[in-house]
Amino acid sequence: MVKRLSFLDRFLTIWIFLAMAVGVLFGWKTGVGDFINSLSVGTTSIPIAIGLILMMYPPLAKVRYEEMGRVFRDWKVLGLSLIQNWVIGPILMFFLAILFLGFLWPMPEYMIGLIMIGLARCIAMVIVWCDLAGADSEYSAGLVAFNSVFQLVFYSVYAYIFVTVLPPKFGLEGTAVHITIWQVAQSVFIYMGIPFFAGMLTRFIFLKTKGREWYEKKFIPRTSPVTLAALIFTIIVMFSLKGEMIVQIPLDVLKIAVPLVLYFAVMFLVSFYLGRKVSNSYPKVAAIAFHASGNNFELAIAVCVAIWGINSGQAFAAVIGPLVEVPALIGLVNVALYFQKKYFARV
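Numbering of residues starts from 1 in each chain and follows the order in which that chain's sequence is written. Totals for whole chains, interfaces and linings use every residue, but because this is a predicted model, local features are given only for residues with pLDDT of at least 70 and side-chain atom pairs only at 80 or more, for both listing and counting. Side-chain metrics rest on all non-hydrogen atoms present in the structure, leaving aside hydrogens and water.

Student: Give a detailed account of the overall build of the protein chain, specifying residues and quantitative values.
Tutor: Regarding its fold elements, the protein chain presents 17 helices and two strands. A compact globule built from 347 residues would reach a C-alpha radius of gyration of about 20 Å, and the protein chain, at 19 Å, matches this within 12%. Out of the 347 residues in the protein chain, the part that is buried amounts to 54%. When checking whether two residues touch, look at their non-hydrogen atoms; a contact exists if any pair is within 4.5 Å. Counting only contacts in the protein chain whose residues sit at least 6 apart along the sequence, the fraction spanning at least 24 positions is 84%. All accessible areas in this document rest on Shrake-Rupley with a 1.4 Å probe, and a residue is counted as covered only by the protein chains that are shown. Working note: accessible area of the protein chain is about 15,200 Å², and carbon and sulfur atoms make up 70% of it. Runs of E in the DSSP output that reach at least two residues are strands. Runs of H or I that reach at least four are helices, and both are numbered from the N terminus. Based on C-alpha atoms, the radius of gyration is set beside the globule rule, defined as 2.2 Å times the residue count to the power 0.38. Three exposure classes are used, based on accessible area relative to the maximum for each residue type with a 1.4 Å probe and protein chains only: buried under 20%, partly exposed in between, and exposed over 50%.

Student: Break down helix H12 (residues 225-241) for me, with residues and values.
Tutor: Multiplying 1.5 Å by the residue count of a helix minus one yields the expected span of that helix. For H12, spanning 17 residues, the distance from its first C-alpha to its last is 25 Å, which sits close to the expected 24 Å at 1.5 Å a residue. In terms of burial, H12 is a largely internal element, 12 of the 17 residues being buried. Of all the residues in H12, the buried ones are Thr-227, Leu-228, Ala-230, Leu-231, Ile-232, Thr-234, Ile-235, Val-237, Met-238, Phe-239, Ser-240 and Leu-241.

Student: Help me get a handle on the packing of aromatic side chains, residues and values and all.
Tutor: Aromatic pairs are defined between Phe, Tyr and Trp rings, using the six-membered ring for Trp, whenever the two ring centres lie within 6.5 Å; interplanar angles under 30 degrees are classed as stacked, those over 60 as edge-to-face, and all others as tilted. Taken as a whole and judged by the stated rule, the model has 27 aromatic pairs. Summarising the aromatic geometry, the rings of Trp-86 and Tyr-158 are spaced 5.5 Å apart at their centres and angled 90 degrees between planes, so their arrangement reads as edge-to-face. Remark: Tyr-158 occurs in helix H9 (residues 137-169) and Trp-86 occurs in helix H6 (residues 75-104); sequence separation between them is 72 residues. The residues Trp-86 and Tyr-158 share a single accessibility class, namely buried. A network of ring pairs unites the aromatic residues Trp-86, Phe-94, Phe-95, Phe-146, Phe-150, Phe-154, Tyr-158, Phe-162 and Phe-170 as a single cluster. Placement of a charge over a ring requires the Lys NZ or Arg CZ to be within 6 Å of the ring centre, with the centre-to-atom vector within 35 degrees of the ring normal. Positioned over the ring face of Trp-28 is Lys-29, at 4.3 Å from the centre of the ring.

Student: Can you explain a nonpolar patch on the surface? Please cite residues and give values.
Tutor: A patch is a set of surface residues, each over 30% in relative accessible area and not in a salt bridge, joined within 9 Å for like charges and within 5 Å for the nonpolar side chains Val, Leu, Ile, Met, Phe, Trp and Tyr. The working definition used for a salt bridge is a side-chain nitrogen of Lys or Arg within 4 Å of a carboxyl oxygen of Asp or Glu. A contiguous nonpolar patch, built from Phe-35, Leu-39, Val-41, Ile-46, Ile-50, Leu-54 and Val-226 and spanning about 590 Å² of accessible area, is present on the exposed surface. Ranked by the residues each element gives to the nonpolar patch, the list is headed by helix H4 (residues 46-62), at three residues.

Student: Give a detailed account of the nonpolar core, specifying residues and quantitative values.
Tutor: Within the largest apolar cluster, 116 residues are counted, with the highest numbers of intra-cluster contacts made by Met-116, Trp-129, Ile-235 and Phe-290. It is helix H17 (residues 313-343) that contributes the most residues to this core, 17 residues altogether. Not counting residues within four places of it along the chain, the set of residues in contact with Ile-235 comprises Ile-16, Ala-19, Met-20 and Val-326. One finds Ala-61, Tyr-215, Phe-219 and Ile-220 within the second-largest nonpolar core, a separate group that totals six residues. Here the nonpolar core consists of buried residues drawn from Ala, Val, Leu, Ile, Met, Phe, Trp, Tyr and Cys, with membership extended through side-chain atoms lying within 4.5 Å.

Student: Tell me about the packing of H12 against H17, residues and numbers included.
Tutor: When two helices pack together, their arrangement is given by the angle between the helix axes and the distance between those axes. Between H12 and H17, the least distance of the axes is 10 Å, while the angle of their chain directions is 140 degrees. Between H12 and H17, the interaxial angle falls into the category oblique. In this structure, the crossing between H12 and H17 has a hand that is left-handed. Taken together, the residues of H17 that come into contact with H12 (itself represented by Ile-235, Met-238 and Phe-239) are Pro-322, Leu-323 and Val-326. Taken together, the residues that form the contact of H12 with H17 break down as six nonpolar, no polar and no charged. Here, axes are lines fitted to C-alpha atoms. For helices the fit covers the stretch in contact, and angles between N-to-C directions go from 0 to 180 degrees. By the definition adopted for this analysis, an angle is roughly parallel if under 35 degrees, roughly antiparallel if over 145, roughly perpendicular if from 65 to 115, and oblique otherwise. Note on convention: near helix rotated counterclockwise from far helix by under a right angle means a left-handed crossing. Clockwise means right-handed. The nonpolar class holds Ala, Val, Leu, Ile, Met, Phe, Trp, Tyr, Cys and Pro. Asp, Glu, Lys and Arg form the charged class, and all remaining residues, Gly among them, are polar.

Student: Quick rundown of the pattern of salt bridges? Include the residues and the values.
Tutor: In the structure shown here, the tally under the stated rule is four salt bridges. In this structure, the salt-bridge partner of Lys-284 is Asp-74, at a minimum N-O distance of 3.4 Å. Here Lys-284 is found in helix H15 (residues 282-293), whereas its partner Asp-74 is found in the loop between helix H5 (69-73) and H6, with 210 residues between them in sequence. Like Asp-74, Lys-284 is buried.

Student: Mind laying out the confidence of the model for the protein chain, listing which residues take part and the relevant values?
Tutor: On average, residues of the protein chain score 84 in pLDDT, and 92% of them reach the 70 mark or higher. Per-residue confidence from the predictor is reported as pLDDT, a score between 0 and 100. By mean pLDDT, the top-scoring element of the protein chain is helix H14 (residues 250-278) (93), and the lowest-scoring one is helix H1 (residues 7-10) (59). Here residues 1-5 scores under 50 on pLDDT; set against residues more than four positions off or in separate chains, the count is seven contacts.

Here is the structure:
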């Protein structure tokens, strides 16, 4: 059965665009970006970290962790996700970046920032997109854990290959990249580990002390609105950070946005199609598609700031990434729900 969306969820796209507008206006008129940047520890923005953790907690508290064994036994889905996230995704973003920002509009710093986004596979906001689209929560959590491990192992290797080695092969300048496994591990722990373990502990403690019926019919409905509130808060903060620059150099923002929009659309449609080939279950296919489409912008921003500095073009492109991803993925949530009605039989 296709669930009926609540009033808030039904007009979520409107709330998202209002939050974006408020953020840009607030950042432009008040210059609050410098104050928000001051609320950071290293390269981690405390307000954004709080927003993301609160945003992810309710969906992760819904996950039936006791049933996740079936996810890791499904080698077709794991294999497909591996190919989509660690072969197709990085290669597609690399070619879009060099095509638009290497050749069409030569902006090498933005090009590198875009490539770094493409290498960072999503382990945070994808939980929310999957939840809004009615994807399988166990598969979503399982794929997050799966991609987190690969991210820890391969992100620095991929950065060397795609940023240092490959660009000169196409007549473009490569850049030396030095990323420690600690930088990647820090991002994974903050944006995936904290809400993941909080959700898991909440479920196991309350199932034991209060029972399944109370937990699923009272606790979960009460905490679910936190996701939307935290999402709106996070969007306002993110857009406030770059409100002035969005107004001052809108063409640069647009040039970064074009390949990103193409990337999100192509990855989602291709991944949804391939997912349909391995499963007839909409929740499972939706989880596959959203995990392949999103990116870990928190990691990309942290690495770009650490290597090239907060005022670099690479960092600017990395920050613009989530500003494009949020409305794009909200649009794809609606596309997924349309596909559910059109291509999957109602149960």
